[in-house]
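Tertiary structure, described
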Amino acid sequence: AIDPQFDDNREQVDTHKGHDVWGPVDEPEKLGIHGTHVAVDFDICIADGACVEDCPVDVFEWVDTPDHPESELKADPANESQCIDCMLCVDVCPVDAIDVDAG
Ligand code: SF4
Ligand code: F3S
Ligand code: ZN
């Protein structure tokens, strides 16, 4: 499962489409965590898609991640600022790849 303390335990190494990327990143095998308020551990995501389908405000967009060992698509929190903290994505992800900091 994603480490809910990732922002203490990891370094921010990059940004992607306006959100933070938390390392380590070593493409294509290690992609790190994308997002901060809505954080998706790309190294855990298996592209199940439940988060993309169920988010009521369309926070997630698919991104291609060719040659990643778990899946070649990831749910990217491209619109994390629109999150309304409903926690649906956290509940439906079968591999617990998502952390939402509802504060
Ligand atoms: Fe979308 Fe709700 Fe998840 Fe926020 S908590 S990203 S609104 S499903
Ligand atoms: Fe990935 Fe979980 Fe969404 S596996 S696509 S983060 S439901
Ligand atoms: Zn991203």
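This report concerns the structure included in the present document. Note that the coordinates shown come from a computational prediction; the quantities given were computed from them, not determined experimentally. (Residues numbered from 1 in each chain as written. Chains lettered and ligands numbered in written order. Predicted model: local features only at pLDDT ≥ 70, side-chain atom pairs only at ≥ 80, totals over all residues. Heavy atoms only, no water.)

**Considering the sheet that holds strand β4 (residues 38-41)**
Pairing within the open sheet is antiparallel, and its five strands lie in the order β1-β2-β3-β4-β7. Every other strand in the sheet has two partners, leaving β1 (12-16) and β7 (98-100) as the edge strands with one partner each. As paired elements, strand β2 (residues 19-22) and strand β3 (residues 33-34) share two bridges and run antiparallel to each other. What sits directly across from tryptophan 22, in β3, is isoleucine 33. (Pairing = 2+ DSSP bridges. Helix = DSSP H or I, 4+ residues; strand = E, 2+ residues; numbered from the N terminus.)

**Quick notes on the site of ligand 1**
For ligand 1, the set of nearby residues contains 14 residues, the closest of which are Cys55, Cys83, Cys86, Met87 and Cys89. Partitioning the shell around ligand 1 into residue classes produces 13 nonpolar, no polar and one charged. (Near = heavy atom within 4 Å. Nonpolar A, V, L, I, M, F, W, Y, C, P; charged D, E, K, R; others polar.)

**Description of unusual backbone geometry**
Geometrically, the link from glycine 23 to proline 24 is a cis peptide bond, its omega value of 5° lying close to zero. Along the chain, the position of proline 24 falls in the loop between β2 and β3. The amide bond that connects glutamate 27 to the next residue, proline 28, takes the cis arrangement and shows omega of 0°. Within the fold, proline 28 resides in the loop between β2 and β3. Despite not being glycine, aspartate 85 shows a phi value in the positive range, around 60°. By the element assignment, aspartate 85 lies in the loop between β6 (73-76) and α3 (88-92). Using a relative accessible area of 30% as the deciding quantity, one classes aspartate 85 as partly exposed. (Buried < 20%, exposed > 50% of the residue type's maximum accessible area, 1.4 Å probe, protein only.)

**Some thoughts on the site of ligand 2**
Among the 13 residues in the neighbourhood of ligand 2, the closest are listed as Cys45, Ile46, Gly49, Cys51 and Cys93. Tallied by class, the residues present in the shell around ligand 2 amount to 11 nonpolar, one polar and one charged.

**Comments concerning the pairing of β2**
Strand direction decides the pairing type here: β1 and β2, joined by four bridges, are antiparallel. Bridging from a neighbouring strand, aspartate 14 pairs with valine 21 of β2. Counted between consecutive antiparallel strands, the loop separating β1 from β2 contains two residues, among which lysine 17 sits at a positive phi close to 50°.

**Quick look at the side chain of threonine 65**
Its location among the elements puts threonine 65 in the loop between β5 (61-64) and β6. The exposure class assigned to threonine 65 is buried, which follows from its relative accessible area of 8%. Polar contacts involving the side chain of threonine 65 include one to the main-chain amide nitrogen of leucine 73, which spans 3.4 Å. If sequence neighbours within four positions are ignored, threonine 65 has contacts with Leu31, Phe42, Ser71, Glu72, Leu73 and Lys74. (Polar contact = N/O pair within 3.5 Å; in protein donor to acceptor, adjacent residues only side chain to side chain. Contact = heavy atoms within 4.5 Å.)

**Some remarks on a negative patch on the surface**
On the surface, a cluster of negative charge is made up of Asp14, Asp26, Glu27, Glu29, Asp64, Asp67 and Glu72. Within the secondary structure layout, glutamate 27 lies in the loop between β2 and β3. Its relative accessible area of 62% is what places glutamate 27 among the exposed residues. (Patch = residues over 30% accessible without salt bridge, like charges linked within 9 Å, V, L, I, M, F, W, Y side chains within 5 Å. Areas by Shrake-Rupley, 256 points an atom, 1.4 Å probe, with all protein chains shown as cover. Salt bridge = Lys/Arg side-chain N within 4 Å of Asp/Glu carboxyl O. Lys, Arg positive; Asp, Glu negative; His and termini not counted. Charge placed at Lys NZ, Arg CZ, Asp CG, Glu CD.)

So, to be careful, I would describe these as geometric facts and stop short of saying anything about function.
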